Amino acid sequence: MANTTNPEQLRSARSIATGAQAALEAIDIRKSLPLGRERIDILKGISLRIEHGAFVAIVGPSGSGKSTLLGIIAGLDNPTSGQVFVDGVDITRMSEGKLAAVRNQKIGMVFQAFNLIPTLTAQENVEVPLYVGKHPGKPSDRAKELLTLVGLGHRLGNKPNQMSGGEQQRVAVARALATNPAIVIMDEPTGNLDKKNGDNVLQMIRDLRQATGTTFVIATHDPNVASSADRSIRIVDGLVANGE
Ligand SMILES: Nc1ncnc2c1ncn2[C@@H]1O[C@H](COP(=O)(O)OP(=O)(O)OP(=O)(O)O)[C@@H](O)[C@H]1O
Ligand SMILES: [Mg+2]
């Protein structure tokens, strides 16, 4: 990368010096899958370190492995080999029960397709993660607060098919933030949105980061999102292409 020194690099240098944990660290992640009689290598050895409070964009061509990588760092998918540390804890060696608790407490995820539950209202969708594990306050109050924050205070009772794509995306963002996770991982949060809704979601990410210090890791094809990040990690053909 260029020799710019941004706040994340400073924090990184400081935390390496003091031994503090990164928010997220991936070491030599590989993923291969069977395809007919062969195996295809989707990720070929990805290492990265993301400091607390950073906003990092994951960019690269379609099919390069971004979504696969996000699934692995969010603990939703296993790598074929390699390790992922969340706050210094290796999540690739965890039992499913423990991993579910870490995911619920520390990681919020927004998928490329929004993955809202179609039979539940906006408010109920945001409440779901709050009923899993222990979280302070009343789920319904927290869900209303978050939906108001994303500009949907007037859509609490709508089901996904009664909302626009941009509104559904904002519900997904509110749900990811409901448990106040340290890390929010988003796959193309503006991918299905028009310019105005995309700008709204991006502005919301910026504001939330400012207000809460949450770490954001966002896969994106959107140059506006990438240019708002502290840095971009470029994935090409299953490898980091910018000397990370
Ligand atoms: N379950 C699977 N079985 C076989 N191949 C898969 C599977 N899932 C993904 N792939 C392949 O792995 C590669 C990486 O896919 P991935 O979804 O991670 O790409 P991406 O960078 O997120 O792309 P996009 O920008 O289009 O979202 C692609 O070539 C894809 O076809
Ligand atoms: Mg993808």
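Quick caveat, the model's predicted, so the values are computed rather than measured. (Residues numbered from 1 in each chain as written. Chains lettered and ligands numbered in written order. Predicted model: local features only at pLDDT ≥ 70, side-chain atom pairs only at ≥ 80, totals over all residues.)

> Where do I start with the overall build of the chain in this structure?
Counting secondary structure elements, the chain contains 8 helices and 10 strands. By the compact-globule yardstick of 18 Å for 244 residues, the chain fits well, its C-alpha radius of gyration being 18 Å. C-alpha atoms of the chain, sized along the principal axes, occupy 45 × 45 × 35 Å. When the 244 residues of the chain are sorted by exposure, 40% land in the buried category. Excluding contacts between residues fewer than 6 apart, the proportion of contacts in the chain whose partners are at least 24 apart in sequence is 70%. (Helix = DSSP H or I, 4+ residues; strand = E, 2+ residues; numbered from the N terminus. Rg over C-alpha atoms; globule rule 2.2 N^0.38 Å. Buried ≥ 20, exposed ≤ 12 C-beta atoms within 10 Å, placed from the backbone. Contact = placed C-beta atoms within 7 Å.)

> Teacher, can you tell me more about the site of ligand 1 here?
Around ligand 1 sit Leu-33, Leu-35, Ile-42, Gly-60, Ser-62, Gly-63, Ser-64, Gly-65, Lys-66, Ser-67 and Thr-68, and those are all the residues in its vicinity. Its residues assigned to classes, the shell around ligand 1 shows 3 nonpolar, 7 polar and 1 charged. (Near = placed C-beta within 6 Å. Nonpolar A, V, L, I, M, F, W, Y, C, P; charged D, E, K, R; others polar.)

> Would you take a moment to explain unusual backbone geometry for this structure?
Most peptide bonds take the trans form, and the phi angle of most residues other than glycine is negative. A positive phi angle is found at Glu-188, which is not glycine, with a value near 50°. Looking at the element boundaries, Glu-188 is found in the loop between β7 (183-187) and α7 (195-212). Under the C-beta neighbour-count criterion, Glu-188 is labelled buried, with 21 such atoms within 10 Å.

> Teacher, can you tell me more about the sheet that holds strand β10 (residues 239-240) here?
Across a sheet, paired strands are connected by hydrogen bonds in the backbone, their directions being either parallel or antiparallel. The 6 strands lie next to each other as β6-β7-β8-β3-β9-β10, forming an open sheet whose pairing is mixed. On the outer flanks of this sheet lie β6 (107-110) and β10, each paired with one strand and no other. Judged from the 5 bridges that link them, β7 and strand β8 (residues 215-219) form a sheet pairing that is parallel. Paired with Ile-183 across the strands is Thr-215, a residue of β8. (Pairing = 2+ DSSP bridges.)

> When you look at α7 in this model, what are you seeing that I'm missing?
Note: α-helices contain 3.6 residues per turn, so residues at a spacing of three or four share the same orientation. Across its 18 residues, α7 extends 25 Å between first and last C-alpha, which sits within 8% of the 26 Å expected from 1.5 Å per residue. Of all the residues in α7, the buried ones are Gly-198, Val-201, Leu-202 and Ile-205. Buried residues of α7, viewed axially, fall in a sector of 95°; they line one side. Exposed side of α7, more than 90 degrees from the buried face: Lys-196, Gln-203, Asp-207, Gln-210 and Ala-211 are the residues found there. Where α7 is buried, its residues contact α6 (165-177), β8 and α8 (223-228). Directly after α7, the chain includes Gly-213, whose backbone phi takes a positive value near 70°. (Expected span 1.5 Å × (residues − 1). Arc of directions from axis to C-beta.)

> I keep staring at the sheet that holds strand β1 (residues 24-35) and nothing clicks. Help me out?
Strand order in the open sheet formed by 4 strands is β2-β1-β4-β5, with antiparallel pairing between adjacent strands. Each edge of the open sheet is held by one strand with a lone partner, namely β2 (38-50) and β5 (89-90). Where β1 lies against strand β4 (residues 81-86), 5 bridges are found, and the strand directions are antiparallel. Bridged to Ala-26 within β4 is Val-84.

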